[in-house]
Every structure is written in C-alpha cells, then in structure tokens.
Amino acid sequence: MRCSPPYSPCTSLFKSLLVLLSASGCCFAADPYIFFEWTVSYLTASPLGTRQQVIGINGQFPGPVLNVTTNWNVVINVKNNLDEPLLLTWNGIQHRKNSWQDGVLGTNCPIPSGWNWTYEFQVKDQIGSFFYFPSTNFQRAAGGYGGIIINNRDIIPLPFPLPDGDVTLFISDWFTKSHKVYTKPMCFFACLLVVSLLLLTSFFLSTSPLGNQKLRKDVESKIDFGAPDGTVINGFGPFPYTQKLASDNIPYGTINVEPGRTYRFRVHNSGIATSLNFRIQNHNLLLVETEGSYTVQQNYTNMDIHVGQSFSFLVTMDQSGSNDYYIVASPRFSKSSSSVKATGVAILHYSNSQGPALGPLPDPPIELDTYFSMNQARSIRLNVSAGAARPNPQGSFKYGEITVTDVYVIVNQPPELIDGRLRTTLNGISYLHPSTPLKLAQQYNITGVYKLDFPKRPMNRHPKVDTSVMNGTYKGFMEIIFQNSDTMVKSYHLDGYAFFVVGMDFGLWTENSRSTYNKGDGIARSTTQVFPGGWTAVLVYLDNAGIWNLRIDNLASWYLGQEVYLNVVNPEIDTSENSIPENTIYCGRLSPLQKDQAQRVNFSGSPRSILATSRRVLLLALFAVLIGGLAR
C-alpha cells in the first residue's frame with residue numbers, strides 16, 4: 001500500500017505507521033518510504049543587514065535538510081506559496097529510471113502559484129552530499145535551497161571512522177537587489193492600478209511577472225548585475241571581524257563543537273555566479289567525499305568550491321579552544337574579491353572557548369592564480385577501494401579502456417545579441433524552452449516540440465535560438481569536452497548521472513589532449529568547473545533512460561540559454577524507465593488534459609475555490625477603490 005498525495009493524502013498517523021512498518025520490515029518486502037510536506041513561501045530576512053524577501057521552506061532559510069538512506073523511497077508534497085510558478089530540482093540526485101521527478105522545465109510543467117505537487121523518487125547508487133534548489137527563473141538567487149544527505153546502509157561500510165557530528169554549510173554569493181519590482185509611486189492611483197493588474201494576471205494565468213525581476217531585467221538588458229554584495233554562510237552575513245562590519249550590526253552564524261571531536265562538514269556552493277574559497281582558521285580539511293563519490297583522503301588548508309559543487313570534509317577539533325575560530329568563504333576570480341563585505345565569515349565555537357576569534361582571517365590563495373585552482377581540482381581523485389555505491393560502468397573502473405560511442409565538444413560563448421535579444425549559446429545554439437516539456441511531448445508523441453540535432457561540435461554558422469536536443473546511445477559511453485570561451489569560471493552540471501572528470505587544462509582541446517587524461521581514478525561527480533580559456537573532459541556511461549538537463553549552473557548563463565537536454569532512450573522499451581506519474585501537471589499543447597486544482601485535494605485540505613474567491617473579492621475591492629478615486 002502506498003500514499004499518492006495530493007490525490008489521496010495520508011494522515012500524519014497513517015504515514016508515521018507506514019514508515020515505521022516499512023523500516024522495520026514488518027509486512028513489507030519493499031524498500032521503506034519516508035514522507036515530507038513542504039510549503040515554499042517568501043520570508044523576510046536580512047542576510048547582509050538589508051531587509052529583503054527570501055524564499056524559505058516551512059519557514060526556514062536555508063530549507064530543511066533531506067536526510068535519507070540509500071534505497072529509501074522519498075515522497076515530498078510541495079505547496080507553492082510563491083506568486084509565480086515553481087520547480088524544485090535535486091542537484092546530483094540521479095533519479096534512476098525516473099526523469100519525471102527531475103524538476104526542470106524540460107521534464108516538468110511548473111507548479112502554479114497556490115498549487116501543490118508531490119515528488120516521489122528512490123535514492124540509489126550514491127552516498128553523500130547534495131542539495132536542492134528552485135530551478136525556474138532567478139528564484140535560486142532568493143534562496144529556496146536546502147541540503148540532501150544520503151547515508152549508507154549498514155552493509156556498506158564508511159571508508160573512515162564514524163564522525164562525532166554532521167554539519168551542513170551553504171556558502172553563496174548574495175545580492176541585495178529586491179526580488180520584486182518596487183518603484184517610487186508617482187501617484188496613488190497609478191500604483192493601485194499596477195497592483196490590480198498584477199493580481200488579475202496572477203489570477204487568470206497562475207503566474208506573475210514578479211520574483212527576482214530586477215536581476216532578470218539586468219541580465220536581459222545587458223546590464224552586468226555586477227559583483228555580489230556579499231557572501232552568506234547558511235543565510236547569515238559576516239561576523240564583524242572589522243570595525244566597518246561591526247557598525248553594520250549584521251547577524252552571523254555560529255557552529256558549536258566539542259574539543260577533540262571530529263565532525264563531517266558538508267559544504268555546498270549554492271550561489272548563482274561566484275566561485276568561493278572555503279577555509280577554517282587553524283584547522284585542516286580532510287576531503288573524504290564529493291557529490292556521491294568517496295575521494296582519496298587528503299588534507300587541504302582551503303578548497304575552491306565552484307557554483308553548484310558539494311564537498312565533505314572531516315574536521316577534527318584539535319585546537320586548544322582558548323578562543324573561537326573563523327569559518328571563511330571568499331570570492332575567487334571576482335570583481336568583489338578584495339571587498340571586506342564580500343567575504344563570508346561564520347564562527348567555529350568550542351564549548352570551552354574563552355573568547356572571540358582573534359587575528360586576521362586565514363589567507364586565501366593568490367587571487368588570479370587559476371593554476372593553483374586547477375591543480376587543486378586535479379588532485380581530487382576517486383577512492384576506488386571504498387565499498388560504496390558509485391558509478392561502475394560495465395563492472396569495471398577501467399573506464400579508460402571502454403570504447404567511446406559518442407564524442408561532443410561543447411563550446412560556450414559570452415552573451416551576444418541574437419534576433420535583437422541578449423542570449424548565451426552552446427555550440428552556437430541558445431536553448432529555447434517550448435511550452436510543452438520535452439518529456440511530455442515524447443510521452444504523447446507530439447511532434448515539432450524539439451529536434452534531435454544538437455551539433456557534436458560548433459558549426460560554422462550564425463548563432464540561433466532553438467530547441468535542439470542531444471541524442472545519446474543507451475548504455476553507450478559518451479565523452480564530452482567543455483570548452484570555456486568566456487572570461488569567468490563556468491560550472492557544468494548533468495542531471496541524472498555522475499560523470500568521470502578525466503582531464504582539464506588551459507588552451508584549446510585537441511585530439512592529442514587525450515594523452516593527458518586520468519584513466520585510472522578520475523573523480524565521479526555531477527558538477528565540474530571549466531576555467532576561462534580552458535577545457536574540461538568528462539566520460540559518462542548512459543545507463544539511465546530519460547531526458548536529462550545539461551547546463552551551465554552559473555545562473556545568468558543558464559537563464560540566457562546555455563543549456564541542452566540529453567535524450568537517452570532504451571530501444572527495447574522495457575521497465576528501464578518509470579511510467580508517467582498519476583499526478584502529472586500538464587501545460588502547453590497538453591493543457592486540455594489538466595484537471596483544475598479545485599478538483600484535486602489542496603495541500604492544506606481546502607479546495608482552491610476558496611483561494612479563488614478571496615482573490616476575486618480582493619480584486620473587486622481594489623477596482624472599487626480605484627474607480628471611486630478617479631470619480632473624485
């Protein structure tokens with residue numbers, strides 16, 4: 001028996017009983033289910049001392065940590081209380097056989113404002129640290145992110161002693177530009193009219209031009225939204241380590257620890273544009289895992305963590321505890337790198353600490369030394385002796401000996417005008433989102449939505465806007481070379497898979513570059529950096545059927561078109577892929593199939609008609625005031 005919200009929502013008592021019985025193995029042969037109910041809404045916070053709207057989940061910013069174990073089935077009922085459509089994506093979670101749960105516009109229709117939708121997926125083939133975030137528009141710039149921890153089952157041992165504690169840290173660049181469009185009122189009635197029209201649009205279209213529109217408008221109009229206003233750690237601004245910051249009275253974060261104990265720090269760069277260097281004053285960072293792969297264990301004094309990447313470090317509290325210590329995240333290769341406010345600082349507080357953190361912040365690497373950062377990335381290698389679930393193509397880690405079936409050289413270019421609008425491209429194509437998601441079009445055999453013609457190398461032609469898709473061979477082995485022609489570090493991410501990072505260097509990739517590949521223990525992960533004027537090569541085994549998003553995780557580049565979808569179809573059409581969910585939301589050319597939310601059970605148990613009625617009353621009241629004012 002299984003719950004399928006929102007159609008048949010279970011009571012809390014029933015869900016608790018089901019989870020308990022599943023976990024204990026009583027009367028259930030299948031893997032256990034765990035249930036969550038999340039409400040995504042706006043909160044007010046002051047990460048850098050300026051009150052602004054952020055996106056929280058269940059009243060938390062960052063959102064709750066999703067703490068699960070391999071083989072568990074996860075059911076998350078998400079209510080969208082934002083004023084625009086929403087999708088949550090699960091960064092690095094492979095969704096075996098189930099791209100329906102990926103939470104990106106190529107596979108899912110967004111959840112309209114006021115609606116709820118239930119994600120249901122099984123976590124398999126990975127143990128480690130990941131995070132989720134909203135994938136539409138610029139919502140990630142306002143938060144909405146949270147941690148994902150996938151624990152090993154008892155039969156799979158850890159390759160290190162069990163830590164005494166677990167700490168999740170989000171480091172991210174932050175902008176104080178408003179998430180809404182606020183203008184100084186020219187007159188009361190003009191503003192009232194604007195508000196009325198916005199509410200009317202929201203009512204009829206279940207969407208709104210609000211959200212992070214200021215940042216979006218900056219990007220679309222070729223206004224560089226510039227350096228971040230600061231770096232936040234778990235949603236908090238910097239500890240006042242200078243008099244200037246002390247005068248701003250910015251709240252900061254504190255991590256409480258016990259002397260002599262070892263903690264696992266799971267650190268995620270959940271920002272939108274900026275590579276960050278992470279370090280803890282007077283403490284070594286023993287790297288043990290990144291994005292579901294155990295690493296060769298090495299000590300680092302600092303680590304460059306690029307947009308979308310996740311790392312796990314073991315940190316031993318081996319200092320005297322005579323005072324607190326700085327936890328630092330500072331921009332790399334950024335216009336704001338030298339700014340005091342740009343550096344995020346939290347406090348590591350020993351229980352026996354006798355005073356505040358002292359001295360200067362621990363030094364970052366030399367700012368423009370990209371060679372240091374690249375060599376550090378090359379030093380991260382796969383622990384092939386660890387007994388963990390991990391990518392294992394054709395039963396062998398000798399991936400360098402496996403025959404490659406497809407090769408793609410993907411080149412990103414800086415923003416340029418295409419048909420009068422600013423766009424970014426991969427291989428000369430700027431991705432255009434169709435109104436009907438690719439996965440739904442494929443399911444219902446709707447033609448003309450996309451083309452399987454994404455070029456394997458850049459074409460000698462003018463750039464264009466199109467819905468062009470990569471064609472992957474099921475159970476083939478694909479080599480992808482990312483060539484960065486931009487001036488900033490770019491992070492490439494592939495949903496549904498972990499790929500082997502086998503090489504990176506500066507200059508142009510050539511066929512001879514393969515002689516430099518790591519063919520033995522290249523790290524397997526889902527997000528890799530590509531340095532400006534350089535390339536990164538990855539290998540991926542295409543055993544996960546579905547349509548999967550390949551993108552640049554830097555938000556402005558992604559928003560302006562630097563993404564593509566990888567189509568992997570099992571020609572035998574067997575049980576290698578899950579069927580379409582019962583609660584699928586339909587849009588675009590399939591809109592006639594969609595039931596109104598009033599016919600579905602609302603997240604709170606009340607029909608949407610109550611909300612609709614409230615909106616109508618509000619609209620009528622606003623227009624009555626407007627008309628009355630004009631009459632005077």
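From a predicted model like this one, the values you see are computed outputs, not experimental measurements.

Analysis parameters
- Residues numbered from 1 in each chain as written.
- Predicted model: local features only at pLDDT ≥ 70, side-chain atom pairs only at ≥ 80, totals over all residues.
- Heavy atoms only, no water.
- Helix = DSSP H or I, 4+ residues; strand = E, 2+ residues; numbered from the N terminus.
- Buried < 20%, exposed > 50% of the residue type's maximum accessible area, 1.4 Å probe, protein only.
- Contact = heavy atoms within 4.5 Å.
- Areas by Shrake-Rupley, 256 points an atom, 1.4 Å probe, with all protein chains shown as cover.
- Phe/Tyr/Trp six-rings, centres within 6.5 Å; stacked < 30°, edge-to-face > 60°.
- Lys NZ or Arg CZ within 6 Å of the ring centre and 35° of its normal.
- 1 Å grid on protein atoms, 1.4 Å probe; cavity = no way out; pocket = protein on both sides within 12 Å on 5 of 7 lines; lining within 4 Å.
- Points joined across faces, edges and corners; volume = space filled by probe spheres on them.
- Nonpolar A, V, L, I, M, F, W, Y, C, P; charged D, E, K, R; others polar.
- Arc of directions from axis to C-beta.
- Polar contact = N/O pair within 3.5 Å; in protein donor to acceptor, adjacent residues only side chain to side chain.
- Pairing = 2+ DSSP bridges.
- Axes fitted to C-alpha atoms, helices over the stretch in contact; angles between N-to-C directions.
- Salt bridge = Lys/Arg side-chain N within 4 Å of Asp/Glu carboxyl O.
- pLDDT = per-residue confidence, 0-100.

Scanning the chain from N- to C-terminus turns up 8 helices and 32 strands. The buried share among the 632 residues of the chain stands at 58%. A fraction of 79% describes how many contacts in the chain between residues 6 or more apart in sequence connect residues 24 or more apart. Looking at the chain as shown, the accessible area adds up to about 25400 Å², and 55% of this sits on carbon and sulfur atoms.

A few words on the packing of aromatic side chains. Summed over all chains, the structure comprises 30 aromatic pairs. For the ring pair W38 and Y132, a centre distance of 4.8 Å and an interplane angle of 35° mean the geometry is tilted. Placement of the pair is W38 in strand β1 (residues 33-45) and Y132 in strand β7 (residues 128-134), with a sequence separation of 94 residues. Judged by relative accessible area, W38 falls into the buried class, the value being 2%. For Y132, a relative accessible area of 0% translates into the label buried. A ring pair is formed by Y497 and W548, whose centres lie 6.3 Å apart and whose planes are at 75°; its orientation type is edge-to-face. Highlighted residues: Y497 in the loop between β26 (490-494) and β27 (499-506) and W548 in strand β31 (residues 546-552), separated in sequence by 51 residues. For Y497, a relative accessible area of 2% translates into the label buried. Taken together, the ring pairs in this structure connect F36, W38, W90, W117, Y119, F121 and Y132 into an aromatic cluster. When the ring centre of F133 is taken as origin, the NZ or CZ atom of R140, which lies over that ring, is 4.2 Å away. For the cation-ring pair, K439 lies above W100, with the distance from its terminal atom to the ring centre recorded as 5.4 Å.

This brings us to empty space enclosed by the protein. Within the structure shown, the criterion is met by 4 cavities of 30 Å³ or more. Approximately 80 Å³ is the volume found for the largest cavity. Forming the walls of the largest cavity are L87, W100, T107, N108, C109, I111, W117, L440, P581, T584 and I585. Of the residues assigned to the lining of the largest cavity, the class counts are 8 nonpolar, 3 polar and no charged.

Moving on to unusual backbone geometry. At the junction of F61 and P62, the peptide bond is cis and its omega measures out at -10° in the coordinates. Its place among the elements puts P62 in the loop between β2 (52-57) and β3 (66-69). A positive phi is found at N137, a non-glycine position, where the angle reads about 50°. By the element assignment, N137 lies in the loop between β7 and β8 (146-151). Positioned with a positive phi, D419 is a non-glycine residue whose angle comes to about 55°. As for its placement among the helices and strands, D419 is situated in the loop between β20 (406-418) and β21 (421-426). A residue is classified by how much of its surface remains accessible, and D419, at 75% relative accessible area, is exposed.

As a further point, take helix α5 (residues 370-378). Among all positions of α5, only T370, S373, M374, Q376 and A377 are buried. Buried residues along α5 cover an arc of 160° about the axis, so they all sit on one side. Looking at the packing, one finds that the buried side of α5 touches β15 (293-300), β16 (303-305), β18 (325-332), β27 and β29 (527-530). Where α5 begins, the side chain of D369 points an oxygen toward the backbone nitrogen of Y371, at a separation of 3.3 Å.

Our next topic: the side chain of T467. Within the fold, T467 resides in the loop between β23 (464-466) and β24 (469-473). Relative accessible area serves as the criterion here: at 7%, T467 is assigned to the buried category. Of the polar contacts made by the side chain of T467, one reaches the backbone oxygen of L432; its length is 2.6 Å. Beyond its immediate chain neighbours, meaning those up to four positions away, T467 contacts Y431, L432, P434, L438, V449, Y450 and K451.

This paragraph deals with the pairing of strand β5 (residues 88-91). Across the two faces of β5 the burial is the same, with L88 and W90 and T89 and N91 all buried. Of the pairings in the sheet, the one linking β5 to β7 comprises 4 bridges and is antiparallel in character. What sits directly across from L88, in β7, is P134.

Let us now look at the sheet that holds strand β10 (residues 230-233). Taken in spatial order, the 6 strands line up as β10-β9-β12-β17-β14-β15 in an open sheet, and their pairing is mixed. At either margin of the open sheet sits one strand with a lone partner, and together these are β10 and β15. Neighbour-to-neighbour, the strand axes of this sheet turn through a mean angle of 25°, independent of strand direction. Two strands pair when backbone bridges link them, and strand β9 (residues 165-174) and β10 are joined in this way by 4 bridges, in the antiparallel orientation. Within β10, the residue paired with S172 across the bridge is V232.

With that settled, consider the pattern of salt bridges. For the structure on display, the rule yields 16 salt bridges. The partner of K490 in a salt bridge is D486, and the shortest N-O contact between them spans 3.5 Å. With respect to class, K490 is no different from D486; both count as buried. When salt bridges that share partners are traced, they join R140, D495, R551 and D553 into one network.

A few words on the confidence of the model for the chain. On average, residues of the chain carry a pLDDT of 83, and 80% of them reach 70 or more. The low-confidence segment residues 179-212, where pLDDT is below 50, has 64 contacts with residues more than four positions distant or belonging to other chains. When the criterion is pLDDT under 50, residues 598-632 qualifies, and its contacts beyond four places in sequence or with other chains add up to 54 contacts.

The mixed open sheet is built from 4 strands, whose spatial order is β2-β1-β4-β6. Bordering the open sheet on either side are β2 and β6 (116-122), each of which pairs with just one other strand. Adjacent strand axes in the sheet meet at a mean angle of 20°, parallel and antiparallel pairs treated alike. As paired elements, strand β4 (residues 73-80) and β6 share 7 bridges and run antiparallel to each other. Bridging from a neighbouring strand, K79 pairs with N116 of β6.

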